[in-house]
Amino acid sequence: MNRMKPKAFRYKSLILLSLHNNSTLIIGGSGLVGSFITRELLLNNIKVFATYNSAKPEIKGVKYFYFDLENIETYDFLEQINFGNLIYCAGFNNQQSEL
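In short, a report on the structure. Source: prediction; values computed, not measured. (Residues numbered from 1 in each chain as written. Predicted model: local features only at pLDDT ≥ 70, side-chain atom pairs only at ≥ 80, totals over all residues. Heavy atoms only, no water.)

1. What about the overall build of the chain?
Applicable threshold: The way it works is that DSSP assigns letters per residue, a run of H or I at least four long becomes a helix, a run of E at least two long becomes a strand, and they are numbered from the N terminus. For the exposure calls, accessible area comes from a 1.4 Å probe over protein chains only, and a residue counts as buried if that area is under 20% of its type's maximum, exposed if over 50%, partly exposed in between. Should any heavy atoms of two residues lie within 4.5 Å, those residues are considered in contact. Exposure was quantified through the Shrake-Rupley algorithm and a 1.4 Å probe, taking into account, for residues, occlusion by the shown protein chains and nothing else.
A tally of regular secondary structure across the chain gives two helices and four strands. For the chain, the N- to C-terminal ordering of α and β elements is α-β-α-β-β-β. Among the 99 residues that make up the chain, the fraction classed as buried is 31%. Restricting the contact set of the chain to residue pairs at least 6 apart, pairs at least 24 apart contribute 48%. In the form shown here, the chain has an accessible surface area of approximately 7600 Å², with 53% of it arising from carbon and sulfur atoms.

Shown next as structure tokens:
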């Protein structure tokens, strides 16, 4: 019986092979997908910077920055860090939408 690896493992390998250096910024690093990718990168000795918007996660070894896509004043952290890769996992929640 030929057992194939689950898709997540195939994609993980592809992501890790395509990284250009040893530091990555994850926009939306506190969400489900972002925190999964964060942990995978840390397991592969890649330095991780990540953003959060509502609740700051507590993943050891990650430098977190508060970030709001709609508030340009929260973009200042980009001048403080040096990263070679960007992974975008953030969503947009418009809480003022009409039903």
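2. Observations regarding the sheet that holds strand β2 (residues 47–52)
The strands making up a sheet associate through backbone hydrogen bonding, with each pair oriented either parallel or antiparallel. Definition in use: When DSSP finds at least two bridges between two strands, those strands are taken to pair. Here an angle of 0 to 180 degrees is reported between the N-to-C directions of two axes, which are lines fitted to C-alpha atoms, with helices fitted over the stretch in contact.
Across the sheet, four strands lie side by side as β3-β2-β1-β4; this open sheet has parallel pairing. Two strands in the sheet have a free side with no partner beyond their single neighbour: β3 (62–66) and β4 (85–88). Neighbour-to-neighbour, the strand axes of the sheet open up by a mean angle of 20 degrees, direction not taken into account. Bridge count between strand β1 (residues 23–27) and β2: four bridges; the pairing is parallel. Looking at the pairing, S23 lines up with K47 of β2.

3. As for the packing of aromatic side chains
Let me state the cut-off plainly: Here the aromatic set is Phe, Tyr and Trp, taking the six-membered ring for Trp, and pairing holds for ring centres within 6.5 Å; pairs whose planes are under 30 degrees apart are stacked, those over 60 apart are edge-to-face, and all others are tilted.
The full count for this structure, using the stated rule, is five aromatic pairs. Ring geometry for F49 and F65: centres 6.4 Å apart, planes at 45 degrees, overall tilted. Of this pair, F49 sits in strand β2 while F65 sits in strand β3, and the two are 16 residues apart along the sequence. The pair formed by F49 and F65 is uniform in burial state, with each residue classed as buried. With centroids separated by 4.9 Å and ring planes inclined at 55 degrees, the aromatic side chains of F67 and Y75 adopt a geometry described as tilted. Using a relative accessible area of 9% as the deciding quantity, one classes F67 as buried.

4. Some remarks on the nonpolar core
Worth spelling out the cut-off: Buried Ala, Val, Leu, Ile, Met, Phe, Trp, Tyr and Cys residues that are joined via side-chain atoms within 4.5 Å together make up what is termed a nonpolar core.
Of all hydrophobic cores here, the largest spans eleven residues; its members are I26, I37, L41, I46, V48, A50, Y52, I59, V62, Y64 and I87. Listed by contribution, the elements that provide at least two residues to this core are α2 (32–43), β2 and β3. In terms of residues, this core owes the most to one element, β2, which gives three residues. Among all residues touching I59, those that are not within four sequence positions of it are S35, T38, R39, L42 and Y64. L25, I27, F49 and I81 belong to the second-largest nonpolar core, a separate cluster that totals seven residues.

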